[in-house]
Every structure is written in C-alpha cells, then in structure tokens.
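Structural overview for review
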Amino acid sequence: MTDGERGNSIVMGFTLSSLFWLIVGLLVGLWLAAEMIFPALNLTPWLTFGRLRVVHTNGLAYGFALSGIFACSFYMLEKLTRSPLAFPGLARVQLWLFNIAIALAALSLFAGMNTSKEYAELEWPLDIVVVILWVMFAVNVMGTLIRRREKQMYVSLWFLIACVVTVAVVYILNNLEIPVSLTKSYSAYAGVNDANVQWWFGHNAVGSVFTFPILAMFYYFLPKSTGVPIYSHRLSIVAFWSLVFGYLWTGAHHLMLTPLPEWIQTVALAFSIFLIAPSWGSVINGYYTMGGDWGQMKSNYLAKFFLMGITFYGLQTIQGPTQALRSLTGFLHFTEYIPGHVHMGTMGWVTMIISASMYYMVTRIGNREIYSEKLANVHFWLILVGQLLFTATLWVAGIVQGAMWKATNADGSLAYSFLDSVAAMYPFWAVRLAGGLLYFGGIAVFAYNLLMTTRPKTQAA
C-alpha cells in the first residue's frame, strides 16, 4: 500500500484525542485523591467527589482508552488485512462525533446527570450517541475485514472482532432505560435483576474494553517492535477462544454474598477461577516470545513497556479471580484494596500497552525516530514507580480497613467505629496522592515526547 491509501490522519487524530483525555482524566483523578485528604476541596457541587469520580472513570475508560483503541485498531486493521480502511470518511466523522460526545458526557456528569450504574452513568440521549459511534466503528472493522487482501487472520483481528461484538451486546442490554425527561431515565430492570445485568455489563466492559483490544495491541506491537515473531499463534488462538467463552459468565462475582441467587454466584466464581488459564496463556506467550532475547528489556525502550504491561495483566488476572472467593470477598469488598486492584490494571497493563503502541505508530507514520528515547525511559520509570506506590499502598490499606471492620471485643461489640477506620486511611491516601503525582509526571513526559515526535520535519536550507 502507498502512504496515501492509509488512514494515517485518522489514526493520528484518535491518538492525539486519547492523549488529551488521558491528561484531563488524570488531573481529575489527582483532584479526587487530594479531596480524600483535604475534604475542603469539595468547593462546589460540580467539584464534589460523587460527581468528579464518574468524570474520572468515564473520561479515562472511554475518552482515553477508547480513543487509543480506535487509533490502534484502525492502524492494525490496515496492516493485518493489507487493505485500506473500508470507509475512511466514516472514520473521520466518528473522530469528531466521538470527541463532541466525550465533552458532552463530561459536562453532563459534572452537572449531576447520572443513572447511578457504574461505567454506565450516561443518560439516555448520550447512550444513543454511544451506540451510533460504535456502529460506525463496527462498520469500518467488518467492512475492512470483508475486503481484506490477506486471507490469514492473525489473532489481533480475532480480538478486535470480539471487542466489537461484545461491547455492542452488553452496552445495549444494560442501558435499556425508560426516559422520563431529556436528562433523566430509569432502568428497564428492577431489584436484583438490575444488579445482575449491571455487573454482567460492568465486568464485560472491563473484558471487552480493557482486555480484548489491549491484547490485540500486545500481540501485534510486541513482535513488530522487537523483531521477534510471536512464540505460538496456536496458543494465542486457544487463549482467545477460552477467554471469550469464560469471560461472559463472570460478572456476578461482583455480587458475592448478596441476595443474588447462590447458583449464579457459584457459576461466576467457577468461571472466574477458570479465566486464570487463558489469561496466563497470553502472558506465557509474551514471555516465550522474548525467548533468549531478554536483553531488549535494556536496549529497546518499547520492550520494557510491553513486557511489564503483560506482567501486570498476569498479576491482575490472578488477583481478580481469587478475590471472587467468598472468604476473600467478604473481607476485601468495599475496602481500598479494590481500587488498588483496578488501578494496577488501568495504570499498569492498559496504559503501558496503549502508550507503547502509540510510540510505535507515531514513529512509523512520521517515518522518524522517537524525539527522545531517554525521555521515553523516564516516562516508563515514573509510571512504573508511581503505579506501584499507588496500588501496593491501597492493597495494604484495604487489608487494614477490612481487619478494622471485622475486629471485635470480647463481648462481641465492634472494636473500631467506622470513623476510626477512615482516620486510619489518611497516611495511605497521602502515599496514594504522591504515587499519582509521580504517575502524572510520567504521563506529562509521554505527552511532550509524543507531541515533539509529531512535529513537521524542518526542511534543510
């Protein structure tokens, strides 16, 4: 293909959008972390924790991650199919509509318009826009696959198909609502059924957005950036089908020890433990791909991101399933341990893979070297140390918190009040804020390095 046939401008548009929403989402997250220590920062209703928290999660999950997924998906599609995008004009419209929708979503959440369903807080008019955007993406993915010149489908394409199909199904079914005004609606489900559908969506949103397309990037960009072929394409396909089969059954592990029927909880628990195997199939595939070439961890700045990213994915996929065990969930649920678990995946696995993929794409699209490899290494170490400070601190905090909630005196009364457990969290929250600041520093370096790399080449005099 010639450069003119490729959707480089579309890929760059989504890449820069992803970078912008990453900065915005992290700034909101830092403000939230500061509010935990300094409650006076809840200055106005628009800046209260309850409103900012959903702006933070939606801004990063959809603004940053989805933009990055769109950018990398379009890039990989053209490469792996050896065909240009089927509908580049549609992709450009999607780019603009996407950014408008994210901005409107943030404003609506700041204003308190909220369905109160986690990761599905947007009200019904914006839900319709989300569905339209996803149809645009799906049309381009499927259309390009149908027109592909390369008949062999590499595993990354299978993961993209899974992402397209599962996000559509779980998002639409969970967001069936009865509107009562332009800014308010009520769920079509009620009671325990509503909770069950919500976490069927919630956990599969994590799988479909933070797992399938990120694994697609890992399987494509790791071999491309290291020059080492994937260890086993067969293993990757077995892991793919096992992951897709198992993931859709696990949502109810968020509802252990609740009024949800116990058989549903047990099915979710069983499949959660099962998921360790296909998840680690990809981890092992990544490790074996490097084989005897581990020296690239020192010499190749991209290898560090991809290998540490898949390591955090491996840790995440042990930690998550074991948390579903009733004895552990009874101790850890609702504690600070859970945000620590979630952020290891988002700050370690997802962001490392997307940022490394962006480094690769931007340099190839511009046909140039990275602006500063030294800055890329600074970026890596800052986000690694910041993430570990953030997540490990919250794991310890959650264990302390759970122990305080369950501690009893000899007469059976509670040894600590709830406020005692809150006061005990302040030192941990301070370290969490410090870790977040380090992490943000790394992302600021990343943004500078990426933007400097995209500058037009100066002509020699």
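To keep things clear, this report deals only with the structure shown in the data block. Keep in mind that what you see is a predicted model, and the values were worked out from it rather than measured.

Conventions used here
- Residues numbered from 1 in each chain as written.
- Predicted model: local features only at pLDDT ≥ 70, side-chain atom pairs only at ≥ 80, totals over all residues.
- Heavy atoms only, no water.
- Helix = DSSP H or I, 4+ residues; strand = E, 2+ residues; numbered from the N terminus.
- Rg over C-alpha atoms; globule rule 2.2 N^0.38 Å.
- Contact = heavy atoms within 4.5 Å.
- Lys, Arg positive; Asp, Glu negative; His and termini not counted.
- Charge placed at Lys NZ, Arg CZ, Asp CG, Glu CD.
- Buried < 20%, exposed > 50% of the residue type's maximum accessible area, 1.4 Å probe, protein only.
- Pairing = 2+ DSSP bridges.
- Expected span 1.5 Å × (residues − 1).
- Phe/Tyr/Trp six-rings, centres within 6.5 Å; stacked < 30°, edge-to-face > 60°.
- Core = buried A, V, L, I, M, F, W, Y, C linked by side-chain atoms within 4.5 Å.
- Axes fitted to C-alpha atoms, helices over the stretch in contact; angles between N-to-C directions.
- Parallel < 35°, antiparallel > 145°, perpendicular 65-115°, else oblique.
- Left-handed = near helix turned anticlockwise from the far one by under 90°.
- Nonpolar A, V, L, I, M, F, W, Y, C, P; charged D, E, K, R; others polar.
- Patch = residues over 30% accessible without salt bridge, like charges linked within 9 Å, V, L, I, M, F, W, Y side chains within 5 Å.
- Areas by Shrake-Rupley, 256 points an atom, 1.4 Å probe, with all protein chains shown as cover.
- Salt bridge = Lys/Arg side-chain N within 4 Å of Asp/Glu carboxyl O.
- Polar contact = N/O pair within 3.5 Å; in protein donor to acceptor, adjacent residues only side chain to side chain.

1. A word on the overall build of the protein
The number of helices and strands found in the protein is 17 helices and 2 strands. By the compact-globule yardstick of 23 Å for 461 residues, the protein fits well, its C-alpha radius of gyration being 22 Å. Across its three principal axes, the protein shows a C-alpha extent of roughly 80 × 50 × 45 Å. The contacts in the protein between residues at least 6 apart in sequence include a share of 82% that link residues at least 24 apart. Positive and negative charge centroids in the protein, built from 24 and 18 side chains respectively, lie 13 Å apart.

2. Regarding the environment of glycine 13
The topology assignment puts glycine 13 in helix H1 (residues 8–37). According to the relative accessible area criterion, glycine 13 is buried, its value standing at 17%. With 55 residues separating them along the chain, glycine 13 and glycine 68 place their C-alpha atoms 10.0 Å apart.

3. A short note on the pairing of strand E2 (residues 184–187)
One ladder, built from 4 bridges, connects strand E1 (residues 177–181) with E2; its direction is antiparallel. Residue glutamate 177 lies in a different strand from E2, and its bridge partner there is serine 187.

4. A look at the side chain of threonine 335
Here threonine 335 lies in the loop between helix H13 (326–332) and helix H14 (337–366). For threonine 335, a relative accessible area of 4% translates into the label buried. Once residues lying within four places of it in the same chain are set aside, the contact partners of threonine 335 are Gly398, Gln401, Gly402 and Trp405.

5. A word on helix H5 (residues 155–174)
With 20 residues, H5 extends 28 Å between its outermost C-alpha atoms, agreeing within 8% with the 28 Å of an ideal straight helix rising 1.5 Å per residue. Among the 20 residues of H5, 14 are classified as buried, and the element is accordingly described as predominantly covered.

6. Some words on the packing of aromatic side chains
Tallied over the full model, the rule gives 38 aromatic pairs. Ring geometry for phenylalanine 14 versus phenylalanine 70: centroids 5.3 Å apart, planes at 65 degrees, classification edge-to-face. Note that phenylalanine 14 is positioned in helix H1 and phenylalanine 70 in helix H2 (residues 49–81), a separation of 56 residues in sequence. The same class applies to phenylalanine 14 as to phenylalanine 70, namely buried. An angle of 65 degrees between the planes, with centres 5.5 Å apart, marks the rings of phenylalanine 221 and tyrosine 360 as edge-to-face.

7. A word on the nonpolar core
If you look at the biggest cluster of nonpolar residues, it comprises 134 residues, and the most contacted ones within it are Phe74, Phe221 and Trp349. Among the elements that line this core, the one with the most residues is H2, at 18 residues. The contacts of phenylalanine 74, once residues within four sequence positions are left out, are Ile10, Val11, Phe14, Leu85, Ala91, Gln94, Phe137 and Asn140.

8. Brief notes about the packing of helix H12 (residues 301–323) against helix H15 (residues 373–406)
The geometry of H12 relative to H15 is characterised by a closest axis approach of 10 Å and an angle of 15 degrees between their N-to-C directions. Judged by the angle between their axes, H12 and H15 are roughly parallel. H15 is crossed by H12, and the crossing has left-handed handedness. Side by side, H12 and H15 meet where Tyr301, Lys304, Phe305, Met308, Phe312 and Gln319 of the first sit next to Glu373, Ala376, Asn377, His379, Phe380, Ile383, Leu384, Gln387, Leu388 and Trp395 of the second. Among the residues making up the contact of H12 with H15, the classes are represented as 10 nonpolar, 4 polar and 2 charged.

9. Some words on a nonpolar patch on the surface
On the surface, a nonpolar cluster with roughly 370 Å² of combined accessible area is contributed by Val165, Val169, Ile172, Leu173 and Leu176. With respect to the helices and strands, valine 169 occurs in helix H5.

10. Remarks on the environment of glutamine 319
Among the structural elements, glutamine 319 can be located in helix H12. Non-local contacts of glutamine 319, meaning those with residues more than four positions away in its chain, are made with Tyr337, His341, Met344 and Trp395. Here the side chain of glutamine 319 touches histidine 341 through a polar contact of 2.7 Å, side chain to side chain.

11. A closer look at the packing of H15 against helix H17 (residues 426–454)
Direction vectors running N to C along H15 and H17 enclose 160 degrees, while the axes themselves pass 8 Å from each other. Classified by the angle between their axes, H15 and H17 sit roughly antiparallel to one another. H17 is crossed by H15, and the crossing has left-handed handedness.

12. Re the pattern of salt bridges
As enumerated under the stated definition, the model contains 3 salt bridges in all. Arginine 53 serves as the salt-bridge partner of glutamate 118, at 2.7 Å between the closest nitrogen and oxygen. Of this pair, glutamate 118 sits in the loop between helix H3 (88–110) and helix H4 (124–146) while arginine 53 sits in helix H2, and the two are 65 residues apart along the sequence. Glutamate 118 gets classed as partly exposed once you look at its relative accessible area, which sits at 21%. For aspartate 194, the salt bridge is made with lysine 117, and the minimal N-O distance between the two is 3.0 Å. On the criterion of sequence distance, the pair formed by aspartate 194 in helix H6 (residues 191–210) and lysine 117 in the loop between H3 and H4 is long-range, its members being 77 residues apart.

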